[in-house]
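Descriptive analysis of the structure
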Amino acid sequence: MFKRALALSATILISGCSQENTTAAAVEPASNSAAQESAPHQMTDQWIGRWDGVEGLVLEIRHEDSANPGSYLLDMQYGLDADQHGTFEGQATAEGIRFTREDGEQLLRQADGEATGLKWLADKENCLVVQPGEGYCRN
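Summary of the structure given here. (Residues numbered from 1 in each chain as written. Predicted model: local features only at pLDDT ≥ 70, side-chain atom pairs only at ≥ 80, totals over all residues. Heavy atoms only, no water.)

If you tally the helices and strands in the chain, you get three helices and eight strands. Ordered by position from the N terminus, the helices and strands of the chain form the series α-α-β-β-β-β-β-β-α-β-β. The buried share of the chain, taken over its 139 residues, is 33%. When contacts within the chain are restricted to residue pairs at least 6 apart in sequence, those whose partners lie at least 24 apart make up 32%. Accessible area of the chain: about 9000 Å², with a carbon and sulfur share of 53%. (Helix = DSSP H or I, 4+ residues; strand = E, 2+ residues; numbered from the N terminus. Buried < 20%, exposed > 50% of the residue type's maximum accessible area, 1.4 Å probe, protein only. Contact = heavy atoms within 4.5 Å. Areas by Shrake-Rupley, 256 points an atom, 1.4 Å probe, with all protein chains shown as cover.)

Below, the structure is given as structure tokens:
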């Protein structure tokens, strides 16, 4: 009878511990994502300024003249051809800055030099990437 009571107590104890851990794990990510979604521009405001790519590619991020926080103007030379240049309106999201240009909807996101896919930027740590082969870094 003693063994049976001990086994039952152990089962209840283990069951209670696993419920507490499950509840804590379920609550924590929700609070983190809510904080990120409430003000994504707090991260992207730090990106304002000039970012350099390779072979003359450049990105200049500035605030859009509007009352909307997280609105940006992206002035970019994003390709080697003269027509691969322009100024695009962007909006902060939890993932980065979303914008649309002639080649479709894009997402500018934070990364390191290796993520740019460009060997000339591989050793950089503070970079922004649109897609592999298109990245901009700060020195």
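There's more to say after this.
Before going further, it helps to spend a moment on the pattern of salt bridges. Within this structure, the stated rule accounts for four salt bridges. Linking Asp52 and Arg50 is a salt bridge whose minimum nitrogen-to-oxygen distance equals 2.9 Å. Residue classification places Asp52 among the partly exposed residues on the basis of a relative accessible area of 31%. Residues Asp103 and Arg101 are paired through a salt bridge, measuring 2.7 Å at the closest nitrogen-oxygen approach. We classify Asp103 as partly exposed; its relative accessible area is 41%. Residue classification places Arg101 among the buried residues on the basis of a relative accessible area of 6%. One continuous salt-bridge network, built from bridges that share partners, spans Arg101, Asp103 and Glu134. (Salt bridge = Lys/Arg side-chain N within 4 Å of Asp/Glu carboxyl O.)

Once that is clear, we can look at unusual backbone geometry. Notably, Glu55 is not glycine yet its phi reads approximately 50 degrees, a positive angle. Position of Glu55 relative to the elements: it lies in the loop between strand E1 (49-52) and strand E2 (58-63).

Below, the discussion takes up the environment of Glu60. In this structure, Glu60 sits in strand E2. Overall, Glu60 belongs to the partly exposed group, its relative accessible area being 31%. Spatially, the C-alpha atom of Glu60 lies 4.5 Å from that of Arg50, the residues being 10 residues apart in sequence. Setting aside residues up to four positions removed in sequence, Glu60 forms contacts with Gly49, Arg50, Leu73, Leu74 and Asp75.

A few words on the pairing of E2. For E1 and E2, the ladder comprises four bridges, and the chain directions are antiparallel. The residue of E2 that forms the bridge with Arg50 is Glu60. Counted between consecutive antiparallel strands, the loop separating E1 from E2 contains five residues, among which Glu55 sits at a positive phi close to 50 degrees. Sheet topology note: the E2/strand E3 (residues 71-77) ladder contains six bridges and is antiparallel. (Pairing = 2+ DSSP bridges.)

Nothing here speaks to function; it is all geometry.
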